[in-house]
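Structural overview
One letter stands for each residue in the lines below.
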Amino acid sequence: MPDRFSPIGVFDSGVGGVSVLGELARTLPYEDFLYYGDNLHAPYGTKPEAEVLGYVRGVMDHLIARDVKAVVIACNTATSVAAAALRSELALPIIGMEPALKPAAEQRRGGQILVLATPMTLRLPKFQALYARYGEGAVPLPCPGLMELVETQAFDQARRYLLEHFLAYDMSTVDAVVLGCTHYVFLRPILQEILPPHVLILDGNAGTARQLARVLEQRDLLNRTGGSIRLETSGDSASVLPLMHQLLARA
Ligand code: DGL
């Protein structure tokens, strides 16, 4: 049985969730984190939903076997596909992610909000419900192939990808860009360079970290004696783990 000293499982389809992990470790420095990147099955966002649900269940089994006390789904796509089902089946706290459309809507000054995410995140009911509530002025912008450019650190290509996708928009009328995929958070420096300074760039990482802290506190599961991070991948450890360490230092 996990207790307050057990690790917190954090996972994504690959290295994107490391951006979330950085924020979690900053917010809760005395917790032990076990990060799992399902690189073998990435990307999630362009595959059939049932297939991704199967991968996510596999990751959950792996984390539960490691006796985690809570799980953070550091992936918007996996949250959209699986969070509700997993919460109905499992007793442990499961914290998910969603594109930061609500904070964007609250800060909107009458202009557009571009929501960048995987095709699956934008298609599924979870985002559709969010959009129905906070979507005034919001434009969903599916970005198939963009997570792969982060996985391979192809930042010049990512820059070209973003410039091409932004061509259709007059940025003087855009108030915010929402990073609705945890991989895209690593593209923030490029976005800051190519977007005019008035455009807010929002991600859900800080909100997720606050939510984890709240849930652990409520369930009396806060650890005050730990402080470690362990990284794992279903992919090629020799190439993926050094990249994860590098990205964690950047996050
Ligand atoms: N990092 C992921 C997300 O937040 C998923 C990218 C993918 O696997 O397609 O949506």
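Here is a short report on the structure shown in this document. (Residues numbered from 1 in each chain as written. Predicted model: local features only at pLDDT ≥ 70, side-chain atom pairs only at ≥ 80, totals over all residues. Heavy atoms only, no water.)

Some remarks on the overall build of the protein
To be explicit about the condition: By definition, any uninterrupted DSSP run of H or I lasting at least four residues is a helix, any uninterrupted run of E lasting at least two residues is a strand, and each is numbered from the N terminus. Based on C-alpha atoms, the radius of gyration is set beside the globule rule, defined as 2.2 Å times the residue count to the power 0.38. Residue burial is assigned from relative accessible area. The probe radius is 1.4 Å, only protein chains are included, and a residue is buried under 20% of its type maximum, exposed over 50%, and partly exposed in between. By definition in these notes, contact holds between two residues if any of their heavy atoms fall within 4.5 Å. All accessible-area figures derive from a Shrake-Rupley calculation using a 1.4 Å probe, and residue coverage is judged against the displayed protein chains alone. Only four residue types enter the tally: Lys and Arg on the positive side, Asp and Glu on the negative side, with His and both chain ends excluded. For this purpose, a charge sits on NZ of Lys, CZ of Arg, CG of Asp or CD of Glu.
Along the backbone of the protein there are 11 helices and 9 strands. Relative to a compact globule of 251 residues, whose C-alpha radius of gyration would be 18 Å, the protein shows 17 Å and is just as compact. The principal-axis extent of the C-alpha atoms belonging to the protein is close to 55 × 40 × 35 Å. Looking at the protein as a whole, 54% of its 251 residues qualify as buried. Of the contacts formed within the protein by residues at least 6 apart in sequence, a portion of 77% connects residues at least 24 apart. Put simply, the protein shows about 10,800 Å² of open surface, and 54% of that area lies on carbon and sulfur atoms. Computed over 22 positive and 26 negative side-chain charges, the inter-centroid distance for the protein is 4 Å.

Some thoughts on the sheet that holds strand β2 (residues 32-37)
Note the cut-off: Strand pairing is defined by DSSP finding a minimum of two bridges between the two strands. Here an axis means a line fitted to C-alpha atoms, over the contact stretch when the element is a helix, while the angle between two N-to-C directions is reported on a 0 to 180 degree scale.
Taken in spatial order, the 5 strands line up as β4-β3-β1-β2-β9 in an open sheet, and their pairing is parallel. On the outer flanks of this sheet lie β4 (94-95) and β9 (228-233), each paired with one strand and no other. As defined by bridge partners, β2 adjoins β9 across 6 bridges and the pair is classed as parallel. Note that in β9 the partner of phenylalanine 33 across the bridge is isoleucine 229. Along the sheet face, helix α1 (residues 18-27) touches β1 (8-12), β2, β3 (70-73) and β9 and points at about 175° away from the line of β2. Relative to β1, helix α2 (residues 49-65) is tilted by about 155°, and along the sheet it contacts β1, β2, β3, β4 and β9.

Structural notes on the side chain of aspartate 38
Filter applied, for reference: By convention in these notes, a salt bridge is any Lys or Arg side-chain nitrogen within 4 Å of a carboxyl oxygen on Asp or Glu.
By secondary structure assignment, the location of aspartate 38 is in the loop between β2 and α2. Among buried Asp, Glu, Lys and Arg side chains, aspartate 38 stands out as unpaired, with lysine 47 the closest opposite charge at 8.2 Å. The residues contacting aspartate 38, other than those within four sequence positions of it, are Asp12, Ser13, Gly14, Tyr44, Tyr55, Val59 and Ser234.

A few points about the pattern of salt bridges
Tallied over the entire structure, the rule returns 12 salt bridges. Notably, a salt bridge pairs glutamate 23 with arginine 26, separated by 3.1 Å at the nearest N-O pair. You can see glutamate 23 and its partner arginine 26 sitting in helix α1, 3 residues apart, about one turn around the helix. Ionic contacts of the salt-bridge type, sharing partners, join the residues Arg66, Arg230 and Glu232 into one network.

Focus: the side chain of serine 13
Of note, serine 13 is situated in the loop between β1 and α1. In this structure, serine 13 is in contact with Gly37, Asp38, Asn39, Ala42, Tyr44, Cys75, Met147 and His183, ignoring residues within four places of it in sequence.

Focus on the site of the ligand
The test is simple: In these notes, residues near a molecule or strand are those with any non-hydrogen atom within 4 Å of it. Any pair of nitrogen or oxygen atoms within 3.5 Å is treated as a polar contact; in protein, a donor-acceptor pairing is required on top of that, and neighbouring residues in sequence qualify only through side-chain atoms on both sides. Only protein atoms enter the 1 Å grid used here. Points where a 1.4 Å probe fits but cannot escape make up a cavity, open sets with protein on both sides within 12 Å along at least five of seven lines make up a pocket, and a residue lines them when an atom lies within 4 Å of a point. Any molecule with more than half of its atoms within 2 Å of a cavity's or pocket's grid points is counted as sitting in it. Residues were grouped as follows: Ala, Val, Leu, Ile, Met, Phe, Trp, Tyr, Cys and Pro as nonpolar; Asp, Glu, Lys and Arg as charged; and all remaining residues, including Gly, as polar.
Around the ligand sit 13 residues, and of these Ser13, Tyr44, Gly45, Thr77 and His183 come closest. With respect to the ligand, the backbone of glycine 45 contributes an N or O atom lying 2.8 Å from an oxygen atom. In the complex, 99% of the free accessible area of the ligand, which totals 300 Å², lies under the protein chains. Structurally, the ligand is housed in the largest cavity. Its residues assigned to classes, the shell around the ligand shows 5 nonpolar, 7 polar and 1 charged.

Note that every value here comes from positions in space, so none of it alone points to a role or purpose.
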